[in-house]
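Examining the three-dimensional arrangement
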Amino acid sequence: MTTDTFLTDFHEVAQIGATPNNGVDRQAATAEDRETREWFRAFAKERGWELRVDGIGNQLALIELRPGSPYVLLGSHLDSQPLGGRFDGAYGVIAGLHAADRIARRVAADAAEGGAAPQFNLAVVNWFNEEGGRFAPSIMGSSVFAGLMNEDEMLDVRDLRGVSVREALGEIGYLGTDERPEIAAYAEIHIEQGRILEREGIAIGAVDRSWYTQKLDIEVLGEQSHTGATLMSDRHDALLGAAKVIQRVHEVTDLFEPETLVSSVGQMTLEPNSPIVVARRVHLVADLRADDREVVLRARDQILADIREIEAEHGLVINARDFDVRDNQHYPEQGLELADQVALDLGLGSRRIRTMAGHDSVAMNRIAPTVMLFIPSVDGVSHCEREFSRDEDMVAGVEMLAEVGWRLVHGALASDADAADPVPAHAFA
Ligand code: HGY
Ligand code: MN
Ligand code: MN
């Protein structure tokens, strides 16, 4: 398995759902998502790996290295944002498949020379709906897998056209029933989606913590009326109210040190959305994030106070609900030291780094020792067609993930309780 087969595969997958300016549009459980799943399936079948699909559409390829043992899981997500980038998530899944392929070959070669069997099995995952663009909340598939979200509730979530997750997964043939494997450890590699690694010329980021994040689901209720015949003093304009809410969600960042809080509204629906009708209802989703939980909570409270003012000023009713709340995650020190050591052994520069973006590792870190790795993003942009990472950085990341995975299947993060006695691999041949 050479590096250019990784690059060939990556650039092949980037053609699925490709958009005019080098992006992709492969939203969860769409036909394009199904196509990438079929690509994942073919890669695994070609190698005789066991394929599973669980009850929320998570797609797994399992490689038995030590029968009956838990699995070291590598992976990320193949779904994208609308008009998104071709690297976000997809890089980590394809890197996971290639890393697993290298590990499996290395174990087989070891076994042929009488080497000890690994301690754990190995698997690769393509998580369902990490992005949350079509179906909210994001990080859905891995959160259900980790027991943080209820599967039935998530299967009932509907998109803006009223299609449920259950219906959409059924339509693409990925509403599974397969058993979820027991996980010994999880490792994910992902583009940084920020500027730090690029600015410092460092190849690998070892993620030590994630930012505190939450969404505010906001509904602005006014009164429908004629845009031409209704006196201004008689109007209860939900869209005007929504516009002021959007501005306050932005302006709240000025209350804090620069770049300590990020917040914006990214999704809005408007009813009835007619040029001759004063809007009766607007639905908005605001995204608030900070390293410090208290900053998010203070910003949230300020926005709620602003909302009360806007309500009174325009005779509206505005309902706001917290959701998709994700506490800071701190990744295990042992995993960070493993990443530092592997980078050193491979001659790659590395540094500890936080993540502002959410990832499936944020969910998985709640149930298994997790290693989260970054490669540089050019210009730090993501969730847009301009998203880009260099081939050489991607290839270095695959080397990194393959070596981290190799050490994980040999028990690098195993607790003493998990420690199994070394057994020659041929015992399982
Ligand atoms: O929420 C996130 O940051 C991710 O892109 N889904
Ligand atoms: Mn991602
Ligand atoms: Mn993303």
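Higher on the page you've got the structure.
Residues numbered from 1 in each chain as written. Chains lettered and ligands numbered in written order. Predicted model: local features only at pLDDT ≥ 70, side-chain atom pairs only at ≥ 80, totals over all residues. Heavy atoms only, no water.

1. Considering the environment of Ser210
With respect to the helices and strands, the residue Ser210 is situated in strand β6 (residues 204–210). What makes Ser210 buried here is its relative accessible area of 2%. In sequence terms Ser210 and Gln81 are 129 residues apart; their C-alpha atoms lie 20 Å from each other. Once residues lying within four places of it in the same chain are set aside, the contact partners of Ser210 are Asp327, Asn328, Gln329, Tyr331, Thr355 and Val362. (Helix = DSSP H or I, 4+ residues; strand = E, 2+ residues; numbered from the N terminus. Buried < 20%, exposed > 50% of the residue type's maximum accessible area, 1.4 Å probe, protein only. Contact = heavy atoms within 4.5 Å.)

2. Focus: helix α8 (residues 238–251)
The end-to-end C-alpha distance of α8, which contains 14 residues, comes to 20 Å, matching closely the 20 Å that a straight helix rising 1.5 Å per residue would cover. Check the buried side of α8 and you find it contacts β7 (212–221), β9 (261–271), β11 (281–290), α9 (293–314) and β12 (317–326). A distance of 2.9 Å separates the backbone nitrogen of Leu239 from a side-chain oxygen at the start of α8, and that oxygen is part of Asp237. (Expected span 1.5 Å × (residues − 1). Polar contact = N/O pair within 3.5 Å; in protein donor to acceptor, adjacent residues only side chain to side chain.)

3. Remarks on the sheet that holds strand β5 (residues 183–191)
Hydrogen bonds between backbone atoms are what pair the strands of a sheet, whose relative direction is either parallel or antiparallel. On the basis of which strands lie adjacent, the open sheet formed by eight strands has the order β1-β2-β4-β3-β5-β14-β6-β13 and mixed pairing. The open sheet is flanked by β1 (50–53) and β13 (350–355), the only strands paired with a single partner. When the angles between neighbouring strand axes are averaged without regard to direction, this sheet yields 25 degrees. Across six bridges, β6 lies against β13 in parallel orientation. Note on β13: the bridge partner recorded for Val207 is Ile353. Strands in contact with helix α10 (residues 333–345) are β6, β13 and β14 (370–375); relative to β13, the strand with the most contacts, it is inclined by about 140 degrees. (Pairing = 2+ DSSP bridges. Axes fitted to C-alpha atoms, helices over the stretch in contact; angles between N-to-C directions.)

4. A word on the nonpolar core
Counting 61 residues, the largest nonpolar core has Phe6, Tyr91, Leu122, Leu373, Met400 and Val404 as the members making the most contacts within it. Apart from the residues within four sequence positions on either side, Leu122 is in contact with Ala61, Leu62, Ile63, Leu65, Tyr71, Val72, Leu74, Ala100, Ile103 and Val409. Within the second largest apolar cluster, 26 residues are counted, among which are Phe256, Val282, Leu288 and Ile310. (Core = buried A, V, L, I, M, F, W, Y, C linked by side-chain atoms within 4.5 Å.)

5. Focus: the coordination of the manganese ion (ligand 2)
With distances of 2.1 to 2.3 Å, the protein atoms coordinating the manganese ion (ligand 2) are His77 (NE2), Asp88 (OD) and His190 (NE2). Read N to C, the donor residues that coordinate the manganese ion (ligand 2) are spaced as H-x10-D-x101-H. Here the manganese ion (ligand 2) and the manganese ion (ligand 3) are spaced 3.5 Å apart, and both take Asp88 as a donor. Residue Asp88 is located in the loop between β3 (71–77) and α3 (90–112), and its partner His190 is located in strand β5; the two are separated by 102 residues in the primary sequence. When sorted by exposure, Asp88 lands in the same class as His190, which is buried. (Donors = N, O, S within 2.8 Å, 3.2 Å for Na, K, Ca; no water.)

6. Concerning the site of ligand 1
The environment of ligand 1 is made up of Glu130, Glu131, Ser138, Arg289, Arg326, Ala357, Gly358 and His383. Here an oxygen atom of ligand 1 and a side-chain polar atom of Arg289 are 2.8 Å apart. Isolated, ligand 1 exposes 210 Å² of accessible area, and the fraction of that covered by the protein chains is 94%. Class assignment of the residues belonging to the shell around ligand 1 gives a composition of one nonpolar, three polar and four charged. (Near = heavy atom within 4 Å. Areas by Shrake-Rupley, 256 points an atom, 1.4 Å probe, with all protein chains shown as cover. Nonpolar A, V, L, I, M, F, W, Y, C, P; charged D, E, K, R; others polar.)

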